[in-house]
Amino acid sequence: MVPTVPVPRRPFDPGDPVDPVCHWYENELGWAAVPGAPVRLVTGLRFDVLEVPAEAGFPALRHLGPGSPVALHGERMRLLVAAGSAEELPGLLDWLEWGALALDLTAIGADGSIEAPPPPDPGVAVEPDPGAPASPGPLGPLPAGARPGDCPRARPGERPTAGPEERRGPRGAARWLRPPEPGREVETALPTLSALGGGAVGGGVGGAPDLVRLVQTMATQCHRVRLRRASAQPLAFS
């Protein structure tokens with residue numbers, strides 16, 4: 001796996017405009033973020049992302065530890081995994097004998113990014129929205145000219161002030177199902193290949209979840225979703 005280090009934080013500049021979402025991700029979590037509408041989280045540094053249909057992702061959550069972040073974006077689920085996992089996915093699918101099938105399972109790694117869900121509101125439970133429209137899938141490279149660490153800084157001690165509905169975002173927008181925890185290094189909670197053979201959840205190297213079990217379950221569920229959707233299609237008659 002790719003070794004990871006926290007992204008350096010820029011010194012506070014009183015002249016910077018306040019971006020509370022960027023401030024939360026960079027100052028509370030130490031994650032690289034790119035400002036914009038919406039803010040984007042840089043992948044391939046501290047984590048990669050596996051994306052599947054939400055209905056295929058929910059059965060796989062049992063393989064995650066309590067601190068493994070998971071986001072929803074419309075009808076898609078994004079699971080944070082160890083940095084470098086995106087490069088390992090094709091070979092892992094081949095090894096699990098899923099490589100020959102077209103699965104709706106994609107990975108976002110180095111030079112990629114995802115939409116940042118609003119910071120979680122501890123007083124609002126996040127539930128899946130089965131009626132939300134499907135997202136267009138993983139959003140790839142960073143915007144032209146954007147760099148990690150470009151987010152404006154809020155003043156010291158300033159917290160996001162968005163209300164519950166704004167933090168959850170509009171219907172179909174990205175939101176946390178299992179949010180990351182400030183003050184906790186995310187790497188130790190991410191599924192990784194180094195946890196292979198670790199047994200139960202949290203039983204791998206360093207207590208990390210097993211990426212192989214996670215991918216096997218998601219691939220199986222993606223195949224079931226594909227078959228179910230195909231069987232639901234009306235027959236075509238010539």
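Residues numbered from 1 in each chain as written. Predicted model: local features only at pLDDT ≥ 70, side-chain atom pairs only at ≥ 80, totals over all residues. Heavy atoms only, no water.

*Asks:* Kindly report on the nonpolar core, identifying the contributing residues and their values.
*Replies:* One broad rule of soluble globular proteins: the nonpolar side chains tend to lie buried together. Formed by 28 residues in total, the largest nonpolar core has its most connected members in Leu50, Met77, Leu79, Leu105, Leu214 and Val215. Sorting the residues of this core by element identifies strand 3 (48-53), helix 2 (54-57), strand 4 (70-73), strand 5 (76-81), helix 3 (85-95) and helix 5 (211-232) as the ones contributing at least two each. Tallying contributions element by element places helix 5 first for this core, with 8 residues. What Met77 contacts, discounting residues up to four positions off in sequence, is Leu50, Glu51, Val52, Pro53, Ala54, Gly57, Phe58, Leu61, Val70, Ala71, Leu72 and Leu177. Among the nonpolar cores identified, the runner-up in size contains 19 residues, and Tyr25, Ala33, Phe47 and Ala82 belong to it. (Core = buried A, V, L, I, M, F, W, Y, C linked by side-chain atoms within 4.5 Å. Buried < 20%, exposed > 50% of the residue type's maximum accessible area, 1.4 Å probe, protein only. Helix = DSSP H or I, 4+ residues; strand = E, 2+ residues; numbered from the N terminus. Contact = heavy atoms within 4.5 Å.)

*Asks:* Which residues make up helix 1 (residues 20-29), and what are the values?
*Replies:* Of the positions making up helix 1, those classed as buried are Cys22, His23, Trp24, Tyr25, Glu26 and Leu29. For helix 1, the secondary structure elements touched by its buried residues are strand 1 (33-34), strand 2 (40-42) and strand 8 (174-178). With its phi angle positive at about 75°, Gly30 sits one or two positions after the end of helix 1.

*Asks:* Describe the sheet that holds strand 5, and please don't skip the residues or the numbers.
*Replies:* Judged by pairing direction, the sheet is antiparallel, and its 5 strands sit side by side in the order 6-3-5-4-8 without closing on themselves. Either end of the sheet is taken by a strand with one partner, and the two such strands are strand 6 (106-108) and strand 8. Neighbour-to-neighbour, the strand axes of this sheet turn through a mean angle of 30°, independent of strand direction. In this structure, strand 3 lies alongside strand 6, joined through 3 bridges in antiparallel fashion. Note on strand 6: the bridge partner recorded for Val49 is Ile108. (Pairing = 2+ DSSP bridges. Axes fitted to C-alpha atoms, helices over the stretch in contact; angles between N-to-C directions.)

*Asks:* Before we move on, could you go through the pairing of strand 5 and cite the residues and values that matter?
*Replies:* Strand 5 sits mainly inside the fold: 6 of its 6 residues count as buried. Burial along strand 5 is two-sided: Arg76, Arg78 and Leu80 facing one way and Met77, Leu79 and Val81 facing the other are all buried. Taken together, the 4 bridges between strand 4 and strand 5 define a ladder with antiparallel strand orientation. Residue pairing across strands places Leu72 opposite Met77, the latter belonging to strand 5.

*Asks:* Give me the packing of aromatic side chains: which residues, what numbers.
*Replies:* In this structure the tally under the stated criterion is 4 aromatic pairs. Residues Trp24 and Tyr25 carry aromatic rings whose centres are separated by 4.9 Å and whose planes lie at 85° to one another, so their mutual orientation is edge-to-face. Looking at Tyr25, the relative accessible area reads 0%, which means it is buried. Here Trp31 and Trp176 contribute two aromatic rings whose centre-to-centre distance is 6.3 Å and whose plane-to-plane angle is 70°, an arrangement assigned as edge-to-face. (Phe/Tyr/Trp six-rings, centres within 6.5 Å; stacked < 30°, edge-to-face > 60°.)

*Asks:* Describe the sheet that holds strand 7 (residues 113-115), listing the residues and the values that go with them.
*Replies:* The strands that make up a sheet are held in pairs by hydrogen bonds between backbone atoms, and each pair lies either parallel or antiparallel. Strand order across the open sheet formed by 3 strands is 1-2-7, with antiparallel pairing between neighbours. The open sheet is flanked by strand 1 and strand 7, the only strands paired with a single partner. The pairing of strand 1 with strand 2 spans 2 bridges and is antiparallel. Bridge pairing links Ala33 to Leu41 in strand 2.

*Asks:* Residues and numbers for the pattern of salt bridges, please.
*Replies:* Taken as a whole, this structure holds 9 salt bridges when the rule is applied. A salt bridge links Glu181 to Arg184, with the shortest nitrogen-to-oxygen separation between them at 3.6 Å. In this structure, the salt-bridge partner of Asp210 is Arg213, at a minimum N-O distance of 3.5 Å. Residue classification places Arg213 among the partly exposed residues on the basis of a relative accessible area of 39%. Connected through salt bridges with shared partners, the residues Glu51, Arg76, Arg78 and Asp104 form a single ionic network. (Salt bridge = Lys/Arg side-chain N within 4 Å of Asp/Glu carboxyl O.)

*Asks:* Could you give me a rundown of the pairing of strand 8, with the residues and numbers involved?
*Replies:* Look at any regular strand and the pattern is simple: side chains alternate between the two faces of the sheet. The buried fraction of strand 8 is high, at 4 of 5 residues. Sheet topology note: the strand 4/strand 8 ladder contains 4 bridges and is antiparallel. Note on strand 8: the bridge partner recorded for His73 is Ala174.

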